[in-house]
Amino acid sequence: MPELNAVYRHREFGDHLTTLAAYERAGGYLGLKETLEMPPDDALYAFHRSGLRGRGGAGFPMGRKASFLPKDAGKPTYVVCNADESEPGTFKDREIIEHNPFQLIEGITIASYAVGCERAYIYIRGEYESQARVLDDAIAEARSAGRLGPDALGPGRPFDITVYRGAGAYICGEETALLESLEGKRGQPRLKPPFPAVAGLYGCPTLINNVETLASLPPIMHRGPDWYAAMGNEKSPGTKVFSVSGHVLSPGNFEIVLGETTLRELIYDMAGGLRPGREVKAVWPGGSSVPVIGADSLDVILDYEALNEVGTFLGSGGCIVMDDSGCIVRASWRLAQFYRHESCGKCTPCREGTGWLANILGRMVRGEGRGDEDIRLLESLFGRIEGRSLCPLADGAVMPIQSALELFRDEFERVAREGSPRPVPMTEAPVG
Amino acid sequence: MTIAEIEEYLAPMRGEYADPRSLILPALRYAQGHVGWLPAESMAAVAEATGFSQAYVESVASFYDRLYLDETGRYCINVCVTLSCMLRGSDELFGHIADYLGLDGEGTTADGMFTLAKVQCIGACDRAPCLQVDSGMQLGPLEAADATCLIDDLRAEPAPARYDR
């Protein structure tokens, strides 16, 4: 059960690394020092060699994404950090920002050096105002120490970071919606291509990465990409933070080496397990937008490929656990309500489809269901929503519900006939 | 909220964005801090200060949950009701707060002190069930008694100089 704190450096060095001095004592800015001694292309190659994959949810190789940016576009190049962390069950980036903000700042600086960016943005969700203030303070301190500003990347080589606050919209975590929002528009996704690497912020080449991805760069550049690539397995190297919540006794964030820990170990050994007498019923292992899996998948190894093999995704690492006291239809209804609320309304299949999912599941739970007719109606909806809209929100709404229906069909059929009384919620306080 | 105040607030950030349209969201957030929501006069002032039409500014504002187009109470009590919080009793917590405030679900109390809302995941599932007062620190895990204390404490506070929605 190997735990390794690469992005959660604060856990190894006392709980807060919120001053520059503390961060530097903990080995901070050694990664940037190494980076600035090599040409930008060598830094890009190091990202690639590390095997680091995007930690926001899609898992796209970070080095490849960075290599898509044209070098001679004749326009400014931007780096945007996606700190919109809104995927239900995910709270890993919040801890990086709260306790280790300079590692994020250093990571953004490293990425910006590699792609030739002079102005980076951190787009942070409006609900993270407390966290945004930690970033404001850290950036101000980095600026006064010369880590940001006119000579940040060497004499006469400027670089700075702007924190941009959202105002409450899950969809702004989708990268093109995020760019729209940052450009002062409604946060509705763009048609791709062109991809942000070519035409991103203000129509310029833009690298967008998640907080955890960028915070992984300082240790990669300090200890070397081969050190990182050697952890885990070939396709899923490095460490990943899993946020565990729901019916576990010790919810929290756990940074683990990919490919070495099982879901059972994460839930029982790290997150404190369940209440006595309870068993795992359902797990959404990568945030709420992934297919749900049941107790028979608990021995799956946590990495991208192994989770795919059991029919789900690693996603953001937001692992929501429900025990056998919970009702799967009620849980699915709650997720459908989430997606209905968060659909931006641009694409009809998503805007209308998520509403229908919520309506049908809602009447089933309330005991107003229409039996098998509602089950058939649900099944007919999935294909009319999935794959028919501009961004993955609609797919994310279908996957957890469709998989739940496949896995727990008997329960759906029963609830469609009889309804589902509200279960007694878990009230045990978190342990530890 | 005068146009000049918004312009003064925006002045130091103008150099940070290649397009002044990016100033609309910061301006809206700033204007909202004045009275806690965005009446038409505030929209007009933001439009004037940023150089875009009021209709456009309103279309942007209407997209975002935490920009309020209707009058709010002094404090917005935002109770997360998404899955992780639901499993740990968010519906019961919300019901208790509504009862304590004398509300029938979401809404604003008659004395204008509190606007109670169900919100989607606020990124604090480790503290479930949790809530946020405005956009303050995510508080949790909360039992009914904790929420009651919190509301009593807020009631005793003087009105904030600015609203952090």
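The residue numbering used here restarts from 1 in each chain and proceeds along that chain's sequence as written. As a convention, the first chain written is A and the first ligand written is 1, with the rest following in written order. Only residues with pLDDT of 70 or above have their local features reported here, since the model is predicted, and side-chain atom pairs are shown and tallied only from 80 upward, although totals for entire chains, interfaces and linings are computed over all residues. Values reported for side chains reflect all heavy atoms of the structure, with hydrogen atoms and water molecules removed beforehand.

Draft legend 1. Structural detail: the overall build of chain A. A run of H or I in DSSP counts as a helix once it spans at least four residues, and a run of E counts as a strand once it spans at least two, with each numbered from the N terminus. Secondary structure summary: chain A contains 19 helices and nine strands in total. This radius of gyration counts C-alpha atoms alone. The globule rule is 2.2 Å times how many residues there are, raised to the power 0.38. What you see for chain A is a C-alpha radius of gyration of 22 Å, in line with the 22 Å of a compact globule of 432 residues. In terms of overall dimensions, chain A has a C-alpha envelope of 70 × 45 × 35 Å along the principal axes. Between two residues, a contact is recorded if the distance between any of their heavy atoms is within 4.5 Å. The long-range fraction of contacts in chain A, counting pairs at least 24 apart against all pairs at least 6 apart in sequence, stands at 72%. As presented, chain A carries roughly 15300 Å² of accessible surface, and 50% of it is formed by carbon and sulfur atoms. Here the positive residues are Lys and Arg and the negative ones are Asp and Glu; neither His nor the chain ends is included. One atom stands in for each charge, and that atom is NZ of Lys, CZ of Arg, CG of Asp or CD of Glu. A gap of 5 Å separates the mean positions of the 46 positive and 58 negative side-chain charges of chain A. The protein chains shown are the only cover counted for residues, whose accessible areas, like all others here, come from Shrake-Rupley with a 1.4 Å probe.

Draft legend 2. Quick peek at the pattern of salt bridges. Salt bridge criterion: a side-chain nitrogen from Lys or Arg within 4 Å of a carboxyl oxygen from Asp or Glu. Taken as a whole, this structure holds 40 salt bridges over all chains when the rule is applied. A salt bridge links Asp160 of chain A to Arg143 of chain A; its shortest N-O distance comes to 3.0 Å. Here the residue Asp160 of chain A occupies a position in strand 3 (residues 160-165), and Arg143 of chain A occupies one in helix 8 (residues 129-144), the gap between them amounting to 17 residues. Working definition: with a 1.4 Å probe on protein chains only, accessible area under 20% of the residue-type maximum means buried, over 50% means exposed, and in between means partly exposed. For Asp160 of chain A, a relative accessible area of 13% gives the class buried. A salt bridge links Glu212 of chain A to Lys240 of chain A, with the nearest nitrogen and oxygen atoms 2.8 Å apart. Within this pair, whereas Glu212 of chain A is found in helix 10 (residues 211-215), its partner Lys240 of chain A is found in strand 5 (residues 239-246), the two being separated by 28 residues in sequence. For the pair Glu212 of chain A and Lys240 of chain A, one class covers both residues: buried. In the salt-bridge network here, residues are joined through shared partners; they are Glu129, Arg133, Asp136 and Arg165 of chain A together with Arg29 and Asp164 of chain B.

Draft legend 3. Spotlight on the interface of chain A and chain B. On the chain B side, the residues contacting the 65 residues of chain A number 45 residues. By buried area we mean how much accessible surface two parts lose on assembly, using a 1.4 Å probe and totalling the loss over both. Per-residue buried area on chain A facing chain B is highest for Ala167, Arg186 and Arg334 of chain A; these three make up 16% of the total on that side. Across the chain A-chain B interface, the total number found is six salt bridges. Two residues, Asp164 of chain B and Arg133 of chain A, come together in a salt bridge whose shortest N-O distance is 2.9 Å. Those elements that provide at least two residues to the side of chain A that touches chain B are helix 6 (92-99), strand 2 (119-124), helix 8, strand 3, helix 9 (175-182), strand 5, strand 9 (318-323) and helix 15 (328-342) of chain A. Of the residues forming the side of chain A that touches chain B, the biggest block, eight residues, is contributed by helix 15 of chain A. In this classification, Asp, Glu, Lys and Arg are treated as charged, Ala, Val, Leu, Ile, Met, Phe, Trp, Tyr, Cys and Pro as nonpolar, and every other residue, Gly included, as polar. In terms of residue class, the side of chain A that touches chain B is built from 29 nonpolar, 19 polar and 17 charged.

Draft legend 4. Region of interest: the packing of helix 7 (residues 101-115) of chain A against helix 8 of chain A. Residues and elements named next belong to chain A. Only the stretch in contact is used when a helix axis is fitted, and all axes are lines through C-alpha atoms; the angle between N-to-C directions ranges over 0 to 180 degrees. Running from N to C, helix 7 and helix 8 point in directions that differ by 60°, and their axes come no closer than 10 Å. On the basis of their axis angle, the class for helix 7 and helix 8 is oblique. Taken as a pair, helix 7 and helix 8 cross one another with a handedness that is right-handed. On helix 8, the residues touching Pro101, Phe102, Leu104 and Ile105 of helix 7 are Val134, Leu135, Ala138, Ile139, Glu141 and Ala142. We call two directions roughly parallel when the angle between them is under 35 degrees, roughly antiparallel when it is over 145, roughly perpendicular when it lies between 65 and 115, and oblique otherwise. It is the rotation of the near helix from the far one that decides the hand of a crossing: anticlockwise by less than a right angle makes it left-handed, clockwise makes it right-handed.

Draft legend 5. Structural view of the confidence of the model for chain B. The predicted model of chain B has a mean per-residue pLDDT of 97, with 100% of residues at 70 or higher. Two summary scores accompany this predicted model of the complex, namely pTM at 0.98 and ipTM at 0.98. Known as pLDDT, the predictor's per-residue confidence is scaled from 0 to 100.

Draft legend 6. The sheet that holds strand 4 (residues 131-133) of chain B, seen in detail. All names here are of chain B. Judged by pairing direction, the sheet is mixed, and its four strands sit side by side in the order 2-3-1-4 without closing on themselves. Two strands bound the open sheet, and with one partner strand each, they are strand 2 (107-108) and strand 4. Strands pair, by our definition, only if DSSP identifies at least two bridges between them. When strand 1 (residues 75-80) meets strand 4, the two strands line up antiparallel, connected through three bridges. The partner of Asn78 across the bridge, within strand 4, is Gln132.

Draft legend 7. Looking closely at the state of the cysteines. Residue and element names in this part refer to chain B. Cysteine sulfur atoms that come within 2.5 Å of each other are treated as a disulfide pair. Tallying each qualifying case throughout the model produces zero disulfides over all chains. This cysteine, Cys76, is not joined by any disulfide, and Cys80 carries the nearest cysteine sulfur, 16 Å off. Residue class for Cys76 comes out buried when judged on its relative accessible area of 1%. The thiol of Cys121 is unpaired, and the distance to the nearest cysteine sulfur, on Cys125, comes to 3.8 Å. Residue class for Cys121 comes out buried when judged on its relative accessible area of 4%.

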